[in-house]
Amino acid sequence: MLPGFGLTLGCTLLFLALVVALPLAALLMKSAALGWADFLAVVGSPRALATYRVTVGAALAATLFNMAFGLLIAWILVRYEFPGRRALDALVDLPFALPTAVAGIALTGLFAGNGWFGQFLEPLGIKVAHSVTGIAVAMAFTSVPFVVRTVQPVLEDMDPELEEAARSLGATERQVFARVVFPVILPAWLAGGSLAFARSLGEFGAIIFIAGNLPFRTEITALLAFIRLEEFDYSGAAAIATVMLLAAFLLLVLVNLLQAWQLRYLDKTP
Amino acid sequence: MSTRPLHRVPVTGRPAAMLLVGTGMLLAALVLVAPILAIAVNAFGAGVGHYLATVTHPDTLHAIGLTVLTAIVVVPVNIAFGVCAAWAICRFRFPGRKLLIAVIEVPFSVSPVVAGVAYLFVYGDQGLFGDALAAMDVQVMFTVWAIFLVSLFVTSPYVARELIPLMQVQGSEGEEAAISLGASGLRTFLHVTLPNIKWGLLYGAILCNARVMGEFGAVSVVSGNIRGQTNTLPLHIELLYHDYNTAGAFAAATTLAVLAVLTLVVKTTIERRTAALRREAMEDGAA
C-alpha cells in the first residue's frame, strides 16, 4: 500500500472545492436569488434571445467548417507522407497556444476592408469584419485543434488489415472509407465536433475584436453577460452566465456519452 | 498512442492523395499561417521605431511584468494540484474516481467570462465573502489577486490531465518496491515517480503557462483594467487597439505570438522525445 492517499486526495478535493465548486455555486445561488419569474424575464428578453441566435448560429457554422477541415487534416497527417507534414502537425495546435486577444486582432486585420483577405472578399459583397460571419471565423479559428486531435489517434490505431480485407473483397476506395473507416472514427469525429461547438459557445476574446458588437445583430451571449456587469446589473449577469454554464454542462455530458460509445466500440475490436 | 508502426503513403504520383494534401496545406496556410504573418507585418507597419517605442513603453513593460508574475504564482500551484490529483487517482481505488476525473476537467468547458462572473459573486462587494472582506478592509476584486484566482480556475486542468493517463499506464510496481525497501513517500515520489513523469509534467506546465499568459475573457471581467496597475498583456493589447493604436496593439501582440510559437516548438520537441522513449521501451520489451 502506497502512502499519501489522505493527503493527496484531501488537497485535490480542497482545491476543487475552493477554486472550482465555490465560484460556480456562488453564481448559481446569485441566479436562484433572482426568483423564477425574474430569471426568465432576463434570460428570455429579446436582446438575450438575439445573442443566443447569433452565438449558436455562428458556432454551428464554425463547427461544420471544423468537422470538414479537421477530418481532412487528421486524414492527411495519418495516411500520407509529404513535405511539411511534421510542421503541419505542430501548427494544428497554434489556436490553443495563441492568446485569443492576439488571434482576435490578427483576424480583424486580415478581414478588414484593406486586409489581405478583406480586400478580395468585400468587392464580392462578403463582409466578414463587423458581421456574424466574422464571429463564425473567430470561433472556427479558436476551435481548429479539437476535431483533428480527437480523430487523429483513432485513425492511427486502426488496423490496416480491416481495409485490406475490404479491398481484397472488391470494395472501391470510396466504399472502404464509407463502410470501414468512417464507422470507426464516427464517435471521435462527433465528440471532436461537440468540443469545438462548446468552445465556440464560450469564446469571447477572439470574437469581440472582429464582431462589431451591435446589440441584436452581432452581440454574443458572453458579451451580454459582460455588459450587464459593467452596468452593475449583477443579477442580470448572473442569469445570463447561468444559461451559458448549463449549456456547457449539457455539452459536457454529450461529449462523455460519445467517448463512452467510442470506448465500447474499441473494446469489440480485438 | 499508436501501438503499431504507421505506413504512410508518399503522395507523389497519386493524384487523389496530392489533391487532398494540397487542399489541406492550402487551407492550413490560410487559416493558421496567415494570422501569424499578419501580426508580424502589422506590428512593423508604423516602422521599427514605433514598434520599439510600444514594446519598451512603461505601460507595456508593466503589463509584461504582471503577466509573468501571474504565471509565476499560478503555474506552480497548478503543478502541485495536478501531481496531487494524479497520485490520488492513479495509485488508489476509491468510489467516485471517474467522477473526480470528470470534475477536474470542468474548467475547460466553462466559458472564461462565466468564470470571471462567478468569481465576482464570491469575492466581489455583492459576493458570498463580500461583507467579510469589506469588514477586514481587504479588496480582492479588481486587484492582482483576482487575476491570480481566475487564472488558477481557467488553467487548473492542464497538468492533471497530462499526468493522469500517463501515471495510469505506468502502474505502481516501482513505487511499491521502493516503499517495501523502506523509502519514504516523498523519496519514492522524487526518485521513482518523478523521473517517469517529468516530460508529461513539463508538457502540462508549458500548456498551462501559455494559457495563463494569454487568458483574456476571465481576466478582463475581474481585473478592473487599470492601466499600469492591473493590466495584463492581453488586456493591454485591447487597450491599445481601442485607442486606435493598431500598430501598437500588434507590436504588443508580437510578444505573446512569440510565446505561442515557442510553446509549440517545446511541445513538439517533448512529443517527439516521449515517442522515441516509448519506441525504445517497446523494442526492449520485444527483445
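Residues numbered from 1 in each chain as written. Chains lettered and ligands numbered in written order. Predicted model: local features only at pLDDT ≥ 70, side-chain atom pairs only at ≥ 80, totals over all residues. Heavy atoms only, no water.

## Quick word on the overall build of chain B
Phase 1 of the analysis: Counting secondary structure elements, chain B contains 14 helices and 1 strand.
Phase 2 of the analysis: With respect to the principal axes defined by its C-alpha atoms, chain B has extents near 65 × 65 × 30 Å.
Phase 3 of the analysis: Here chain B holds 287 residues, and the buried ones make up 48% of them.
Phase 4 of the analysis: Here the contacts in chain B between residues at least 6 apart in sequence split such that 73% fall between residues at least 24 apart.
Phase 5 of the analysis: Carbon and sulfur atoms make up 66% of the accessible area of chain B, which amounts to about 13,400 Å² in all.
Phase 6 of the analysis: Here chain B holds 17 positive side-chain charges and 16 negative ones, and the gap between their average locations is 14 Å. (Helix = DSSP H or I, 4+ residues; strand = E, 2+ residues; numbered from the N terminus. Buried < 20%, exposed > 50% of the residue type's maximum accessible area, 1.4 Å probe, protein only. Contact = heavy atoms within 4.5 Å. Areas by Shrake-Rupley, 256 points an atom, 1.4 Å probe, with all protein chains shown as cover. Lys, Arg positive; Asp, Glu negative; His and termini not counted. Charge placed at Lys NZ, Arg CZ, Asp CG, Glu CD.)

## Overview of the overall build of chain A
Phase 1 of the analysis: In terms of helices and strands, chain A carries 14 helices and 1 strand.
Phase 2 of the analysis: Viewed in the frame of its principal axes, chain A has a C-alpha envelope of about 70 × 70 × 35 Å.
Phase 3 of the analysis: Taken across its 270 residues, chain A has 56% of its residues classed as buried.
Phase 4 of the analysis: Across chain A, the fraction of contacts at a sequence separation of at least 24, relative to all contacts at a separation of at least 6, is 75%.
Phase 5 of the analysis: Entry remark: accessible area of chain A is about 11,700 Å², with carbon and sulfur atoms responsible for 70%.
Phase 6 of the analysis: Chain A carries 16 positive and 18 negative side-chain charges, and their two centres are separated by 5 Å.

## Observations regarding helix 4 (residues 97–104) of chain B
Because the α-helix completes a turn every 3.6 residues, residues three or four places apart line up on one side.
All names here are of chain B.
Phase 1 of the analysis: Looking at helix 4, one finds that the buried residues are R97, L100 and I104. The buried residues of helix 4 all sit within an arc of 55 degrees when viewed along its axis, so they share a single face. For helix 4, the exposed residues lying more than 90 degrees away from the buried face are K98 and L99. (Arc of directions from axis to C-beta.)

## Regarding empty space enclosed by the protein
Residues and elements named next belong to chain B.
Phase 1 of the analysis: One pass over the structure, following the stated rule, counts 1 cavity of 30 Å³ or more.
Phase 2 of the analysis: Volume-wise, the largest cavity comes out at about 40 Å³.
Phase 3 of the analysis: Of all the secondary-structure elements, those providing two or more residues to the lining of the largest cavity are helix 3 (58–91), helix 8 (144–155) and helix 11 (185–214).
Phase 4 of the analysis: Looking at the lining of the largest cavity residue by residue, the classes come out as 5 nonpolar, 4 polar and 1 charged. (1 Å grid on protein atoms, 1.4 Å probe; cavity = no way out; pocket = protein on both sides within 12 Å on 5 of 7 lines; lining within 4 Å. Points joined across faces, edges and corners; volume = space filled by probe spheres on them. Nonpolar A, V, L, I, M, F, W, Y, C, P; charged D, E, K, R; others polar.)

## Overview of the UniProt feature "transmembrane region" (unreviewed entry) in chain B
Residue and element names in this part refer to chain B.
Phase 1 of the analysis: As recorded in UniProt, the feature "transmembrane region" (unreviewed entry) lies at residues 16–41, 61–87, 99–122, 142–160, 201–226 and 246–266.
Phase 2 of the analysis: Within the segment residues 16–41, helix and strand shares are 100% and 0% respectively, and the terminal C-alpha atoms sit 35 Å apart.
Phase 3 of the analysis: Helix makes up 100% of residues 61–87 and strand 0%. Its end C-alpha atoms lie 39 Å apart. (UniProt positions renumbered as here; feature names shortened; annotations may be inferred.)

## Here we look at the interface of chain B and chain A
Phase 1 of the analysis: With 87 residues of chain B in contact, the opposing surface of chain A contributes 84 residues.
Phase 2 of the analysis: Both faces considered, chain B and chain A share a buried interface measuring about 7,400 Å² in area, 80% of it formed by carbon and sulfur atoms.
Phase 3 of the analysis: At the junction of chain B and chain A, the tally comes to 1 salt bridge.
Phase 4 of the analysis: For the pair chain B and chain A, the interface holds 11 residue pairs in polar contact (both at pLDDT 80 or more).
Phase 5 of the analysis: Here the element with the most residues in the side of chain B that touches chain A is helix 1 (residues 15–43) of chain B; it accounts for 19 residues.
Phase 6 of the analysis: Grouping the amino acids of the side of chain B that touches chain A by side-chain chemistry returns 63 nonpolar, 16 polar and 8 charged.
Phase 7 of the analysis: Note that strand 1 (residues 80–81) of chain A and strand 1 (residues 9–10) of chain B share 2 bridges and pair parallel. (Buried area = accessible area lost by both parts, 1.4 Å probe. Salt bridge = Lys/Arg side-chain N within 4 Å of Asp/Glu carboxyl O. Polar contact = N/O pair within 3.5 Å; in protein donor to acceptor, adjacent residues only side chain to side chain. Pairing = 2+ DSSP bridges.)

## Some words on the side chain of N78(B)
Phase 1 of the analysis: Relative to the helices and strands, N78(B) is located in helix 3.
Phase 2 of the analysis: Taking the relative accessible area as the measure of exposure, N78(B) reaches 0% and is therefore buried.

## With respect to the packing of aromatic side chains
Phase 1 of the analysis: Per the stated rule, a full pass over the model turns up 23 aromatic pairs over all chains.
Phase 2 of the analysis: Taking the centre distance of 5.4 Å and the plane angle of 85 degrees together, the rings of F209(A) and Y241(B) count as edge-to-face. Within this pair, whereas F209(A) is found in helix 12 (residues 205–211), its partner Y241(B) is found in helix 13 (residues 233–242), the two belonging to separate chains.
Phase 3 of the analysis: On the accessibility criterion, F209(A) (4% relative accessible area) is buried. (Phe/Tyr/Trp six-rings, centres within 6.5 Å; stacked < 30°, edge-to-face > 60°.)

## Let's talk about the domain arrangement of chain B
When the parts of a complex come together, some accessible area is lost, and that lost area is often used as the size of the interface.
Residues and elements named next belong to chain B.
Phase 1 of the analysis: Considered domain by domain, chain B is made up of domain 1 (11–43) and domain 2 (47–286).
Phase 2 of the analysis: Of the roughly 490 Å² buried at the junction of domain 1 and domain 2 (both faces included), carbon and sulfur atoms supply 79%.
Phase 3 of the analysis: Together, I39, N42 and A43 form the three largest contributors to the area buried by domain 1 at its contact with domain 2, with a combined 84%.
Phase 4 of the analysis: Remark: the boundary between domain 1 and domain 2 carries 0 residue pairs in polar contact (both at pLDDT 80 or more).
Phase 5 of the analysis: The residue makeup of the side of domain 1 that touches domain 2, split by class, is 4 nonpolar, 1 polar and no charged. (Domains from an automatic or database assignment.)

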